[in-house]
Amino acid sequence: MFYPRLLRVVVIVIIGVVILWGVAIGDDTPVLKVGHVGHDHHTALYVAALNGDLFKKEYGIYLKEIRPKNLYELYDGDSLVCEIELYKAGGGSKMPTDMAQGIFDVGFGGVAAVAFFVDKGTPMKIISPLHSKGDMLVAGADVPSKNWNDFIAFCKARREPLKVGFKKPKAIALLIFEGALREEGVSYTYDAQDKEAKVLLVNMKGAGHLNPGLENRIIDAYICNNPYCAVAEEKGIGRCIANLNDLPPGLWKDHPCCMIAAMEKVIEERRSELVKFLELIVIATDYINERPEIAIKSASDWIGTSIAVEEKSIPTSAYLTEPNKVWLKGIYTWVHVMDDLGHIKGQLHGKTDEDIHNLLLDLSLIEEARMNVAARRKGR
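Residues numbered from 1 in each chain as written. Predicted model: local features only at pLDDT ≥ 70, side-chain atom pairs only at ≥ 80, totals over all residues. Heavy atoms only, no water.

1. Quick look at the environment of Tyr-75
Structurally, Tyr-75 is set in strand E3 (residues 71–76). On a C-alpha basis, the gap between Tyr-75 and Tyr-62 in space is 5.5 Å, while along the polypeptide they are 13 residues apart. Contacts of Tyr-75, omitting those with residues within four sequence positions, involve Gly-60, Ile-61, Tyr-62, Lys-64, Leu-80 and Val-81. Side-chain polar atoms of Tyr-75 contact the side chain of Glu-73, separated by 3.0 Å. (Helix = DSSP H or I, 4+ residues; strand = E, 2+ residues; numbered from the N terminus. Contact = heavy atoms within 4.5 Å. Polar contact = N/O pair within 3.5 Å; in protein donor to acceptor, adjacent residues only side chain to side chain.)

2. Regarding the sheet that holds strand E9 (residues 162–166)
Read across the open sheet, the six strands follow the order E10-E11-E9-E12-E8-E13; overall the sheet is mixed. Across the chains shown, the open sheet's two edge strands, defined by having one partner strand only, are strand E10 (188–189) and strand E13 (239–243). Alignment of E9 against strand E12 (residues 221–225), held across two bridges, turns out to be parallel. Within the sheet, the bridge partner assigned to Val-164 lies in E12 and is Ala-221. On top of the sheet, helix H6 (residues 148–157) reaches strand E8 (135–139), E9, strand E11 (199–203) and E13; it is set at about 130 degrees to E9, its chief contact. Strands E8, E9, E10, E11 and E12 of the sheet are contacted by helix H7 (residues 172–184), whose axis makes an angle of about 170 degrees with E11. (Pairing = 2+ DSSP bridges. Axes fitted to C-alpha atoms, helices over the stretch in contact; angles between N-to-C directions.)

3. Regarding the pairing of E3
Summarising burial for E3: five of the six residues are buried, a large majority. In this sheet, E3 lies alongside strand E2 (residues 61–67) in antiparallel orientation, the contact comprising six bridges. Its bridge partner lying in E3, Lys-64 is registered against Glu-73. Between E2 and E3, which pair antiparallel and follow one another directly, the connecting turn spans three residues, one of which, Lys-69, has a positive phi of 65 degrees. Hairpin geometry of E3 and strand E4 (residues 79–88) is characterised by an intervening segment of two residues between the two adjacent antiparallel strands and by a positive phi of about 65 degrees at Gly-77. (Buried < 20%, exposed > 50% of the residue type's maximum accessible area, 1.4 Å probe, protein only.)

4. Topic: the sheet that holds strand E1 (residues 31–36)
The strands making up a sheet associate through hydrogen bonds between their backbones, and the pairing can be parallel or antiparallel. Read from one edge to the other, the open sheet built from seven strands follows the order E2-E3-E4-E1-E5-E14-E6, with strand pairing classed as mixed. In this open sheet, the two strands that pair with only one neighbour each are E2 and strand E6 (124–129). Each strand of the sheet is rotated relative to its neighbour by a mean of 30 degrees, with strand direction disregarded. Pairing between E3 and E4: six bridges, direction antiparallel. When the sheet's bridge partners are listed, Glu-73 is paired in E4 with Glu-83.

Written out as structure tokens, the structure is:
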């Protein structure tokens, strides 16, 4: 009886050692933690995660799914580069908070939110463009307007303020809308007691509250990014009557919206993994622009919106990884406007375009990634 028991103990010990050895080996694989918000401005991430076979076949760099929407392995050919862990942040403004706290290394979110953190001295950089425009004016059942001109005429003719909701203060959609109202000579207010203004701007404290607010007539209209606007149309509770990209005075044409950011320490210490990851985003963005059906299906599968919603939503946005002159001008313009309004008070205050660039941006990684992808295309 003694020997069988001893044998069992030896077997158990051996199994334990093998398991621990395997874990130890697995621990050697670097992990890149990536945060995102979960709407279709971040479709490039979903395209990369959900189309690994296509990436592998056409470019040789790809993500292998381990746990859906959570854990992936990034391969370049047969070589495992790193693991990619995905985290869903509570919103574009919450993303830099989580990243600064070390919850993840790389963040997909709004330009504005990251710029405010950099202004306060947080060692964080925007490392790539991702998305621009995509903000809409949505009218509820009590607003008969069919377009921007109709809307302005309707507002001017009212005896009481039209209630227009927005998702958060300092959102670029709000900035654009306020500028357009001023250009059109339409008075607005944030004070519900002010009955003289033509528009009452209402902070709905989150994009998720806009459609319920419209449906329950808490607000008459709202300004926000897609896909919330397309969802309103699908549900029959609102109509997109203007694309904010087209509003006067034209200051915000093709305005930057979402981007990819990272902490400066991560950029310094994890550069090689970051560049490989950005190569995936470059390829995914090209798929979005060249084969939109891939983007529509990927966004729908990931977010849970319908194909019909994404067919309306995605074309209102522009997806890009090239930091072109228009995108850069939009970054500088946003900082200058926020500075003029008194919202920029730290290290971005009073700075030139060149200063803003150096403090806020590190585009060397995306430039390297884009060159690597170009080389992959030549090798196909």
